[in-house]
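# Notes for the structure review
Residue-level listing of the chains:
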Amino acid sequence: MDMLEYQHWTRRTRKYGDEWSVYYPTMELAAEAGEIANLVKKIPRDDDNVLTADRRDKIAKESGDVLWALARLLDDCGLELGDIAQSNIDKLEARLKQGTIQGSGDDR
């Protein structure tokens, strides 16, 4: 599916008012990312350090919620998911070219 098409589709499922624009999807994004982290945390504890098919499926379902929240946040900000993806590709390709893909800090 096209990223912009998906982003526009999420408008149909937006159930928060304009006064919650930006705020609601940001909180949703944090909450859903936390649910993924919680699932991953349980891999060594509950699954003998093996990513099971069941856990992978649960991570996939929660990832959809993360994608929805990110698409809504960007849409509320007047940004496009595809543009953000391309910008990230450009940044990481430049770091690969410069040999600075590892390390920390934004100015690499």
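Below: a short report on this structure. Being a predicted model, the structure only gives us computed values, none of them experimental.

The next point concerns the packing of aromatic side chains. Scanning the entire structure with this criterion turns up three aromatic pairs. Considering the side-chain rings of tyrosine 6 and tryptophan 9, the 5.9 Å spacing of their centres and the 25° angle between planes classify their relative orientation as stacked. Here tyrosine 6 pairs with tryptophan 9, and both are found in helix 1 (residues 3-9), just three residues apart, close to one helical turn. Where tryptophan 20 meets tyrosine 23, the ring centres are 5.4 Å apart and the plane angle is 45°; that geometry is what we call tilted.

Before going further, it helps to spend a moment on the nonpolar core. Listed in full, the seven residues of the largest apolar core are Tyr6, Tyr16, Trp68, Ala69, Ala71, Leu74 and Leu81. In terms of residues, this core owes the most to one element, helix 3 (residues 53-76), which gives four residues. Every residue in contact with tryptophan 68, bar those within four places of it in the chain, is listed here: Tyr6, Trp9, Thr10, Thr13, Arg14, Tyr16, Tyr24 and Glu28.

What follows concerns the packing of helix 2 (residues 23-46) against helix 3. Orientation of helix 2 relative to helix 3, taken along the N-to-C sense of each, is 160°, at an axis distance of 8 Å. By the angle between their directions, the pair helix 2 and helix 3 is classed as roughly antiparallel. In terms of crossing hand, the pair formed by helix 2 and helix 3 is left-handed.

With that settled, the discussion passes to helix 4 (residues 81-98). Relative to the 26 Å expected for 18 residues at 1.5 Å per residue, helix 4 spans 26 Å between its end C-alpha atoms, a close match to the ideal helical length. Looking one or two places after helix 4, you find glycine 99, whose phi comes out positive at around 75°.

Moving on: a nonpolar patch on the surface. Taken together, the side chains of Trp20, Tyr23, Tyr24 and Met27 define a hydrophobic patch exposed on the protein surface, amounting to about 430 Å² of accessible area. Positionally, tyrosine 23 belongs in helix 2.

Reading guide: rules and limits
Residues numbered from 1 in each chain as written. Predicted model: local features only at pLDDT ≥ 70, side-chain atom pairs only at ≥ 80, totals over all residues. Heavy atoms only, no water. Phe/Tyr/Trp six-rings, centres within 6.5 Å; stacked < 30°, edge-to-face > 60°. Helix = DSSP H or I, 4+ residues; strand = E, 2+ residues; numbered from the N terminus. Core = buried A, V, L, I, M, F, W, Y, C linked by side-chain atoms within 4.5 Å. Buried < 20%, exposed > 50% of the residue type's maximum accessible area, 1.4 Å probe, protein only. Contact = heavy atoms within 4.5 Å. Axes fitted to C-alpha atoms, helices over the stretch in contact; angles between N-to-C directions. Parallel < 35°, antiparallel > 145°, perpendicular 65-115°, else oblique. Left-handed = near helix turned anticlockwise from the far one by under 90°. Expected span 1.5 Å × (residues − 1). Patch = residues over 30% accessible without salt bridge, like charges linked within 9 Å, V, L, I, M, F, W, Y side chains within 5 Å. Areas by Shrake-Rupley, 256 points an atom, 1.4 Å probe, with all protein chains shown as cover. Salt bridge = Lys/Arg side-chain N within 4 Å of Asp/Glu carboxyl O.

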